[in-house]
Amino acid sequence: MKAPGECCRSSLPRLRAAPSEDQNVSAPMGCWRRLTRFCSWIAPSVVLVLMPKCPACLAAYIAVGTGIGLSLPAAANLRFGLIALSATLLGVLVIRRALRLFAARARSQ
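Here the structure is a predicted model, which is why all the values come from computation and not from measurement.

Novice: Tell me what's going on with helix 4 (residues 72-108), and back it up with residues and numbers.
Specialist: The terminal C-alpha atoms of helix 4, which comprises 37 residues, lie 54 Å apart, in line with the 54 Å expected from a rise of 1.5 Å per residue. Within the span of helix 4, buried status applies to A75, S86, L90 and L93. Along its buried surface, helix 4 packs onto helix 2 (31-50) and helix 3 (55-66).

This is the structure in structure tokens:
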């Protein structure tokens, strides 16, 4: 025979205590968030790797892909803008990752 009140305790869901600030508890990352994090690194890297060296090639690629013709000065400005944007995004991602690492090390000590 069970002790009084024991049957009620076993059927109730167990509640976990709230984690203290000392514990490093992180919620599991969702699939969508992992995918966006991965793409945030890949997209600027692919743009930098696949960027042609001359503006005429970029203008030709855009004309073949979309049917829109670009002048050479416009293609040169677009090329420079894409390179600057990609480099800036990668720099921001590196700085964010470094800040997270430093914060994690500070919390663990």
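The rest of the description comes next.
Novice: Go over the side chain of S86, please, and point to the residues and values.
Specialist: Of note, S86 is situated in helix 4. Residue classification places S86 among the buried positions, given a relative accessible area of 5%. Setting aside chain neighbours within four positions, we find S86 in contact with P44, V47 and L48.

Novice: Describe in detail the packing of helix 3 against helix 4, supporting the description with residues and values.
Specialist: Look at helix 3 against helix 4: their axes get within 8 Å of each other, and the N-to-C directions meet at 95°. Here helix 4 runs roughly perpendicular to helix 3, going by the angle between their axes. Residue-level contacts link P55, A56, L58, A59 and I62 of helix 3 to L72, A75, A76, L78 and R79 of helix 4. Looking at the contact of helix 3 with helix 4 residue by residue, the classes come out as nine nonpolar, no polar and one charged.

Novice: Tell me what's going on with helix 3, and back it up with residues and numbers.
Specialist: Helix length check: helix 3, at twelve residues, gives a terminal C-alpha distance of 16 Å against a target of 16 Å (1.5 Å per residue), a fit within 8%. Positioned one or two residues after helix 3, G67 has a phi angle of 85°, which is positive.

Novice: Explain the environment of A76 residue by residue, including any values.
Specialist: Secondary-structure assignment places A76 in helix 4. What makes A76 partly exposed here is its relative accessible area of 30%. Note: C-alpha distance between A76 and P55 (21 residues apart in sequence) is 4.9 Å.

Novice: For the packing of helix 2 against helix 4, give the residues involved together with the corresponding values.
Specialist: Packing of helix 2 against helix 4 brings their axes to within 9 Å, and their N-to-C directions diverge by 145°. The handedness of the crossing between helix 2 and helix 4 is left-handed. Note on element contacts: helix 4 touches helix 2 through L82, I83, S86, A87, L89, L90, L93, V94, R97 and R100, opposite R37, S40, W41, P44, S45, V47 and L48. When grouped by side-chain class, the residues that make up the contact of helix 2 with helix 4 number eleven nonpolar, three polar and three charged.

Novice: Explain a positive patch on the surface to me, and be specific about the residues and the numbers.
Specialist: A grouping of R33, R96, R97 and R100 is seen on the molecular surface, where their side chains present a positively charged patch. The dominant element in the positive patch, judged by the number of residues it contributes, is helix 4, at three residues. Taking relative accessible area as the criterion, R96 reaches 42% and is therefore assigned partly exposed.

Reading the values: rules and limits
Residues numbered from 1 in each chain as written. Predicted model: local features only at pLDDT ≥ 70, side-chain atom pairs only at ≥ 80, totals over all residues. Heavy atoms only, no water. Helix = DSSP H or I, 4+ residues; strand = E, 2+ residues; numbered from the N terminus. Expected span 1.5 Å × (residues − 1). Buried < 20%, exposed > 50% of the residue type's maximum accessible area, 1.4 Å probe, protein only. Contact = heavy atoms within 4.5 Å. Axes fitted to C-alpha atoms, helices over the stretch in contact; angles between N-to-C directions. Parallel < 35°, antiparallel > 145°, perpendicular 65-115°, else oblique. Nonpolar A, V, L, I, M, F, W, Y, C, P; charged D, E, K, R; others polar. Left-handed = near helix turned anticlockwise from the far one by under 90°. Patch = residues over 30% accessible without salt bridge, like charges linked within 9 Å, V, L, I, M, F, W, Y side chains within 5 Å. Areas by Shrake-Rupley, 256 points an atom, 1.4 Å probe, with all protein chains shown as cover. Salt bridge = Lys/Arg side-chain N within 4 Å of Asp/Glu carboxyl O. Lys, Arg positive; Asp, Glu negative; His and termini not counted. Charge placed at Lys NZ, Arg CZ, Asp CG, Glu CD.

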